[in-house]
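An overview of the molecular structure
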Amino acid sequence: MANIVNLSWNDIDFLADRLVEQIYHKDLKFDTILALGRGGLVPGSILSYKLKVSNLQNLGINTREDNGKFIDTIIYQKPGNVEGKVLVVDDINDSGKSFTAVSSYIASNYDINENDVYYASLTTKSNSEFSFNTITGNIFYTDSWLVFPWDK
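The structure reproduced in this document is the subject of the present report. Everything quoted here is computed from the prediction, not taken from an experiment.

1. As for the nonpolar core
The biggest cluster of nonpolar side chains holds 23 residues, and the ones touching the most others in it are L47, L51 and L87. Of all the elements in the fold, those that place two or more residues in this core are α1 (9-25), α2 (41-51), β5 (86-93), β6 (117-125) and β7 (134-140). Here L51 is in contact with V20, I23, Y24, I33 and L87, once residues within four sequence places are set aside. Listed in part, the 17 residues of the second largest apolar core include V86, F99, Y110 and F130.

Right, dumping it as structure tokens:
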């Protein structure tokens, strides 16, 4: 079994601030934040306040079972108003499968240029297969299982 790393609320605040710094450094401004339910809801809300983006939407998506096994993508809650420059937010970019699925979902359902969609995660595993327009708070070069405060 992999080691477990418990992240604290202070860690989350630090990682969110790192995301904000990178977004400001790249001079990016977003019209919509699309938080991925469930793990991306808390960081999506935090970034909504920090970036002053009032259009916060939820995309309920599942790409794996509780045991970590990957499944076909299930969309269980569709967002309402997604427009302009979009920041997709999740807690972790682990394998990249969720962001890949979201990229396909956006391309199929909205008239938004793929270059106007960015993908932010508090953490990214170094072996993630998704790196297009990504912003991350920290890259983990480990197989440790990360436990976020809202997972406890």
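2. Remarks on the packing of aromatic side chains
In the structure shown here, the tally under the stated rule is 7 aromatic pairs. Note on F30 and Y118: the rings are 5.8 Å apart at their centroids and 75° apart in plane angle, and the pair reads as edge-to-face. On the criterion of sequence distance, the pair formed by F30 in the loop between α1 and β2 (32-37) and Y118 in strand β6 is long-range, its members being 88 residues apart. Exposure remark for F30: the relative accessible area of 10% places this residue in the buried category. Taken together, W9, F148 and W150 form an aromatic cluster joined through their ring pairs.

Definitions and cut-offs
Residues numbered from 1 in each chain as written. Predicted model: local features only at pLDDT ≥ 70, side-chain atom pairs only at ≥ 80, totals over all residues. Heavy atoms only, no water. Core = buried A, V, L, I, M, F, W, Y, C linked by side-chain atoms within 4.5 Å. Buried < 20%, exposed > 50% of the residue type's maximum accessible area, 1.4 Å probe, protein only. Helix = DSSP H or I, 4+ residues; strand = E, 2+ residues; numbered from the N terminus. Contact = heavy atoms within 4.5 Å. Phe/Tyr/Trp six-rings, centres within 6.5 Å; stacked < 30°, edge-to-face > 60°.

Everything listed here is a matter of geometry and, on its own, says nothing about what the molecule does.
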